[in-house]
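So the chains spell out like this:
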Amino acid sequence: MKPLFLGSHPALDFLNTRPTPRGAPIELVGDGTSFAAWLDDARLLPATTASALKRRFGAAALDEAAAEARDLREWARDWIARWRDAPGGAYKTELRRLNQLMARARCYPELVITKDAGFQLTDRWRIDSADELIAVVAAQIASLVATEEPALVKRCAGPGCTLWFVDRTKAHSRLFCSATVCGNRAKVAAFRERQRGGGD
Ligand SMILES: [Zn+2]
């Protein structure tokens, strides 16, 4: 199974790298190679590629970085759920953890040309070792809680689905990770329910 990018935010796409499509969890960043590929697919390190990361840092160091990222992911899943329900909390310990991880790598500003020939000032990461990669993921989690509306950070309403997303619909009515998967499944279930003469 390939990682899904339907969370509308990289932090949630990262949480979604352990989906439960048939009830049992599937690990999608189980080693350094898949973690590097995820960073590449998520375009969080635009100046490099997964294979370049592997050549530079070696498989063993990337494996360690992936293990640390998985720990961060499970911790973040729990914290994001708590933050969403109680956004006014102080969360000092959580902030300290994220800030420590972000401080591992250096970030510098870069002026780039956009698709429509305008300028944009962006942050670039300077990654000198594999253990600094986690700063990039931690920064996405920090960006989520700093910029998104807690009530719009949602978990899919599909039965048994554990995927997260930011609801960017105008009406704030997004219920499912994917209309074609969980949305359809819910429609079929409702249809069967009506056919059985159930429903209310
Ligand atoms: Zn779903």
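Draft legend 1. Structural detail: the coordination of the zinc ion. For the zinc ion, the protein coordination sphere consists of Cys156 (SG), Cys161 (SG), Cys177 (SG) and Cys182 (SG), at 2.3 to 2.4 Å. Taken together, the four donor atoms coordinating the zinc ion and their angles of 106 to 114 degrees define a geometry best described as tetrahedral. Donor residues binding the zinc ion come from one chain and are separated in sequence as C-x4-C-x15-C-x4-C. Here Cys182 lies in helix H7 (residues 179–195) and Cys156 lies in the loop between strand S3 (153–155) and strand S4 (164–166), a separation of 26 residues in the sequence. Both residues of the pair, Cys156 and Cys182, belong to the buried class.

Draft legend 2. Up close: the pairing of strand S2 (residues 119–126). Here strand S1 (residues 106–113) runs beside S2; their pairing, made up of eight bridges, is antiparallel. Among the inter-strand pairings, Glu110 is bridged to a residue of S2, identified as Thr122. Between the end of S1 and the start of S2, which pair antiparallel, lie five residues, with Ala117 showing a positive phi angle near 65 degrees.

Draft legend 3. Inspection of a nonpolar patch on the surface at higher detail. The grouping of Leu111, Ile113, Phe119 and Leu121 at the surface amounts to a nonpolar patch, some 520 Å² of accessible area in total. Looking at the nonpolar patch, the elements that each hand over two or more residues are S1 and S2. Structurally, Leu111 is set in strand S1. Using a relative accessible area of 57% as the deciding quantity, one classes Leu111 as exposed.

Draft legend 4. View of the packing of helix H3 (residues 50–57) against helix H4 (residues 59–85). Between H3 and H4, the shortest axis-to-axis distance is 7 Å and the interhelical angle comes to 115 degrees. In this view, H3 runs roughly perpendicular relative to H4, as classed from their interaxial angle. Touching Leu53, Lys54 and Phe57 of H3 are Ala59, Ala61 and Leu62, all from H4. Of the residues belonging to the contact of H3 with H4, the class tally is five nonpolar, no polar and one charged.

Draft legend 5. Summary view of the packing of aromatic side chains. For the coordinates displayed, the defined rule picks out five aromatic pairs. A centroid spacing of 4.9 Å and a plane angle of 65 degrees characterise the contact between Phe14 and Trp38, whose relative ring orientation is edge-to-face. In this pair, Phe14 is assigned in helix H1 (residues 10–15) and Trp38 in helix H2 (residues 32–41), connecting sequence segments 24 residues apart. One exposure class covers both Phe14 and Trp38, and it is buried. Ring pairs connect the aromatic residues Phe5, Phe14, Phe35 and Trp38, which therefore count as one cluster. Cation over ring: Arg126 sits above Tyr108, and NZ or CZ is 4.7 Å from the ring centre. For Arg174, the ring lying beneath its charged end belongs to Phe165, and the centroid distance is 4.0 Å.

Quick notes on the rules
- Residues numbered from 1 in each chain as written.
- Predicted model: local features only at pLDDT ≥ 70, side-chain atom pairs only at ≥ 80, totals over all residues.
- Heavy atoms only, no water.
- Donors = N, O, S within 2.8 Å, 3.2 Å for Na, K, Ca; no water.
- Tetrahedral: all angles 85-135°; square planar, octahedral: opposite > 155°, others 65-115°.
- Helix = DSSP H or I, 4+ residues; strand = E, 2+ residues; numbered from the N terminus.
- Buried < 20%, exposed > 50% of the residue type's maximum accessible area, 1.4 Å probe, protein only.
- Pairing = 2+ DSSP bridges.
- Patch = residues over 30% accessible without salt bridge, like charges linked within 9 Å, V, L, I, M, F, W, Y side chains within 5 Å.
- Areas by Shrake-Rupley, 256 points an atom, 1.4 Å probe, with all protein chains shown as cover.
- Salt bridge = Lys/Arg side-chain N within 4 Å of Asp/Glu carboxyl O.
- Axes fitted to C-alpha atoms, helices over the stretch in contact; angles between N-to-C directions.
- Parallel < 35°, antiparallel > 145°, perpendicular 65-115°, else oblique.
- Contact = heavy atoms within 4.5 Å.
- Nonpolar A, V, L, I, M, F, W, Y, C, P; charged D, E, K, R; others polar.
- Phe/Tyr/Trp six-rings, centres within 6.5 Å; stacked < 30°, edge-to-face > 60°.
- Lys NZ or Arg CZ within 6 Å of the ring centre and 35° of its normal.

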